[in-house]
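One letter stands for each residue in the lines below.
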Number of protein chains: 2
Amino acid sequence: MKAFNKIAIIGVGLIGGSIGLAVKRKRLGREVVGVCRHKESLQRAIQAGAIDRGTLSYKEAVKEADLVILAIPVTQIIKMGSKIGPYLKKGCLITDAGSTKEKICREIEKTVPREISFVGAHPMAGSEKRGVSEARADLFEGAICILTRSRKTKSIALKKLTAFWKKLGCRIKVLTAQRHDRIVALTSHLPHLAATQLVKAARESLDWTSSGFLDTTRIASSDAEIWTDIFLTNKRFVIQALDKYIEQLRLARDLIRKGNRKRLSAEFKKVKRTRDALRK
Amino acid sequence: MKAFNKIAIIGVGLIGGSIGLAVKRKRLGREVVGVCRHKESLQRAIQAGAIDRGTLSYKEAVKEADLVILAIPVTQIIKMGSKIGPYLKKGCLITDAGSTKEKICREIEKTVPREISFVGAHPMAGSEKRGVSEARADLFEGAICILTRSRKTKSIALKKLTAFWKKLGCRIKVLTAQRHDRIVALTSHLPHLAATQLVKAARESLDWTSSGFLDTTRIASSDAEIWTDIFLTNKRFVIQALDKYIEQLRLARDLIRKGNRKRLSAEFKKVKRTRDALRK
């Protein structure tokens, strides 16, 4: 992969900062410019070595950039996509790190000029923590990164961005935005709601939590705004996922109520085998 | 605390083994005898230093014991409680490590002779792993251990067993068995069902799991039989807990469906504050 001359990272938090660190370590870009709304965050990102320089102006950052990475919350990605369009140079690539893809891809494909190529990305890494101080060059090592393909996707852009995300350490899967959103509704958005609503259901007894409770609810500490955005840009599939989950909980309730030891035990054994087969 | 002359541990898995290791390290008993159904497990427990000797006969083990610890699944505790009664010496103390308490306490208090004192215990430690090979002398360090008190509980027995579990590293809380069962239904049994049913709901998409999914479902790898026992001996409160949880999930579903950004974000912020205040 040829290094990019200028990479603009819009949003230098955990994800944007980690991309910057990995780009610098692996020499994937000659110059990395960070954009964010607060001078202090840019200072911290420069000190951390995640960007070469910072600016509060997205116009200045994306000017002459070969690659623009949108590492901000989902609804901000959509807005930013339409704002930067006029300032991009011909042939510029855009990618993002948003957790939902259908709305982002539809909106950005609508608003950016035709000579610009957008390929949506969702690197499935991160944690309940925030900020460039938590950023790590190896954050994406081994993580799945889903890239989106639509009828408008240019194969050369997809090829270049596959190479880029791979260099960051990701294992690449290419899906339609819709298929992506249906999958993560189950594997990421639903677990988040499972955790937050568990904290709410158990709130009267929280002096008595064991390590199991803490594991199960860890992601309930994630940022509220980011997740509100995620749920509202993936409504349909999140609701479908919740319905499936409630159905499964009702099934367990029914077996417990009836005292059906054999079925219960068989169900849990099957689940254990499934879960054991995943990574720890 | 005066050391016990002879301690019998019935069940030398993760919990029984860890109790044995801590008893030996802290010199809480002169002789520790382990009981279990398989010779190989006894051999492993001896090799691990968790017990001084092992026997397949619970009669032999409890004979002349000053303290008997039942570290087996809940329904086995209930059966074992009625079997060992005739072989215990006067003044012997019994405790257990079962995850539900109401049924255990009721049955054991009914079946053991009057000169024997039982105090139910639930050390809230452990993991999804099993067996004496996973046992650690410090497993209980800092863990809450709930001891049960009923009208039949003798205060001298409660005092002695409080001292014993404290020496193992536990922070002691004394509750009625019923109050215990209501609390753990929310903080331990519900999270378990939240995890197992999440694995089931997401099963079609398990090639795409992130670290959040793995954290949230870790306890779904626990032993199926042990947990079937737990749910069936705490039916009423587990069903109440499930109903609360489903209600909370429906609430979230409703806010997402309506696109109520303000309420959603406020809810998640509140949950985040609550979760942040707990240990990691």
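About the thresholds
- All residue numbers refer to positions counted from 1 along the written sequence of the respective chain.
- Each chain takes a letter, starting from A, and each ligand takes a number, starting from 1, following the order in which they are written.
- Restriction of local features to residues with pLDDT of at least 70 applies here, the model being predicted, together with a cutoff of 80 or more for giving and counting side-chain atom pairs; totals for whole chains, interfaces and linings are based on all residues.
- Copy-to-copy alignment: least squares on C-alpha atoms, limited to residues at pLDDT 70 or above in both.
- What counts as a contact here is a pair of residues whose C-beta atoms, placed from the backbone, lie within 7 Å.
- Buried Ala, Val, Leu, Ile, Met, Phe, Trp, Tyr and Cys residues form a nonpolar core when they are connected through C-beta atoms within 7 Å.
- Put plainly, a residue is buried at 20 or more neighbouring C-beta atoms within 10 Å of its own, exposed at 12 or fewer, and partly exposed in between, counting only other residues' C-beta atoms, which are placed from the backbone.
- The way it works is that DSSP assigns letters per residue, a run of H or I at least four long becomes a helix, a run of E at least two long becomes a strand, and they are numbered from the N terminus.
- Here the term charged refers only to Asp, Glu, Lys and Arg, the term nonpolar to Ala, Val, Leu, Ile, Met, Phe, Trp, Tyr, Cys and Pro, and the term polar to all other amino acids, Gly among them.
- Here, any two strands with at least 2 DSSP bridges between them count as paired.
- Orientation is described by axes fitted as lines to C-alpha atoms, over the contacting stretch for helices, and by angles from 0 to 180 degrees between their N-to-C directions.
- Domains are outlined according to an automatic or database domain assignment.
- Should an angle fall under 35 degrees it is called roughly parallel, over 145 degrees roughly antiparallel, and 65 to 115 degrees roughly perpendicular, with every other angle called oblique.

Q: Any chance you could explain the relation of the copies chain B and chain A here in plain terms?
A: Two copies of a chain can be linked by a rotation about an axis combined with a shift along that same axis. Of the transformation placing chain B onto chain A, the axial shift is 0.0 Å and the rotation is 180°, giving an RMSD of 0.0 Å. Those values place the two copies in the arrangement expected of a two-fold rotation axis. Residue B:Thr216 of chain B places its C-alpha closer to the rotation axis than any other residue of that unit, at 1.9 Å. An overlap of 100% is found between the interface residues of chain B and their copies at the interface of chain A, pointing to a shared contact surface.

Q: So what exactly am I meant to see when it comes to the nonpolar core here?
A: A general feature of soluble globular proteins is that nonpolar side chains tend to end up buried together. A:Ile10, A:Val68, A:Leu190, B:Ile10, B:Val68 and B:Leu190 are the most contacted members of the largest nonpolar core, which has 196 residues in total. In this structure A:Leu190 touches A:Ala185, A:Ala241, A:Leu242, A:Tyr245, B:Leu198, B:Ala201 and B:Ala202, once residues within four positions along its chain are discounted.

Q: How do you make sense of the environment of A:Gly11 when you look at a structure like this?
A: Note on placement: A:Gly11 falls in the loop between β1 (4-10) and α1 (14-25). When the C-alpha positions of A:Gly11 and A:Leu70 are compared, they lie 6.7 Å apart, and in sequence the two are 59 residues distant.

Q: Teacher, can you tell me more about the interface of chain B and chain A here?
A: It is common to give the size of an interface as the accessible area that goes away when the parts come together. With 71 residues of chain B in contact, the opposing surface of chain A contributes 71 residues. Going through the elements one at a time, α7 (177-201), α8 (211-217), α9 (224-232), α10 (235-258) and α11 (261-276) of chain B are the ones with two or more residues in the side of chain B that touches chain A. The element that contributes the greatest number of residues to the side of chain B that touches chain A is α7(B), accounting for 16 residues. Tallied by class, residues from the side of chain B that touches chain A come to 36 nonpolar, 19 polar and 16 charged.

Q: Could you clarify how one ought to interpret the sheet that holds strand β8 (residues 144-148) of chain A in this entry?
A: Two modes of strand pairing occur in sheets, parallel and antiparallel, and in both the strands are linked by backbone hydrogen bonds. All names here are of chain A. One open sheet accounts for three strands, arranged β7-β8-β9; its pairing is mixed. In this open sheet, the two strands that pair with only one neighbour each are β7 (121-123) and β9 (171-175). The mean inter-strand angle of the sheet, taken between neighbouring strand axes irrespective of direction, is 20°. Judged from the five bridges that link them, β8 and β9 form a sheet pairing that is parallel. Paired with cysteine 145 across the bridge in β9 is isoleucine 172. Here helix α7 (residues 177-201) sits on the sheet in contact with β7, β8 and β9, set at roughly 145° to β8.

Q: Just to check I follow, could you spell out the sheet that holds strand β4 (residues 67-70) of chain A for this structure?
A: Residue and element names in this part refer to chain A. Pairing within the open sheet is parallel, and its six strands lie in the order β3-β2-β1-β4-β5-β6. Lying at the two open borders of the sheet, with one neighbouring strand each, are β3 (53-55) and β6 (117-119). Taking the axes of each pair of neighbouring strands and ignoring which way they run, one obtains an average angle of 20° across the sheet.

Q: When you look at the domain arrangement of chain A in this model, what are you seeing that I'm missing?
A: All names here are of chain A. The domain architecture assigned to chain A consists of domain 1 (4-175) and domain 2 (180-276). The C-alpha centroid of domain 2 is placed 31 Å from the C-alpha centroid of domain 1. Contacts between domain 1 and domain 2 engage 14 residues on the former and 15 residues on the latter. Contributing elements (two or more residues each) for the side of domain 1 that touches domain 2: α4 (74-84), α5 (102-111) and β8. Across the side of domain 1 that touches domain 2, the residue classes break down as four nonpolar, five polar and five charged.

Q: Looking at this structure, I do not really get the pairing of strand β4 (residues 67-70) of chain B. What am I missing?
A: As a general feature of sheets, a regular strand has side chains that alternate between the two faces. Residue and element names in this part refer to chain B. In β4, alternate side chains face the same way, and those of Leu67 and Ile69 on one face and Val68 and Leu70 on the other are all buried. Looking at chain direction, strand β1 (residues 4-10) and β4 are connected through four bridges and run parallel. Looking at β4, one finds that isoleucine 9 is bridged to isoleucine 69.

Q: Honestly, the packing of helix α11 (residues 261-276) of chain A against α7(B) in this entry has me stumped. Any pointers?
A: A pair of packed helices is characterised by two quantities: the angle between their axes and the separation of those axes. Look at α11(A) against α7(B): their axes get within 10 Å of each other, and the N-to-C directions meet at 70°. Considering their axes alone, α11(A) and α7(B) lie roughly perpendicular with respect to each other. Contact residues: α11(A) offers A:Phe268, A:Val271, A:Thr274 and A:Arg275, while α7(B) offers B:Thr196, B:Val199 and B:Lys200. By residue class, the composition of the contact of α11(A) with α7(B) is three nonpolar, two polar and two charged.

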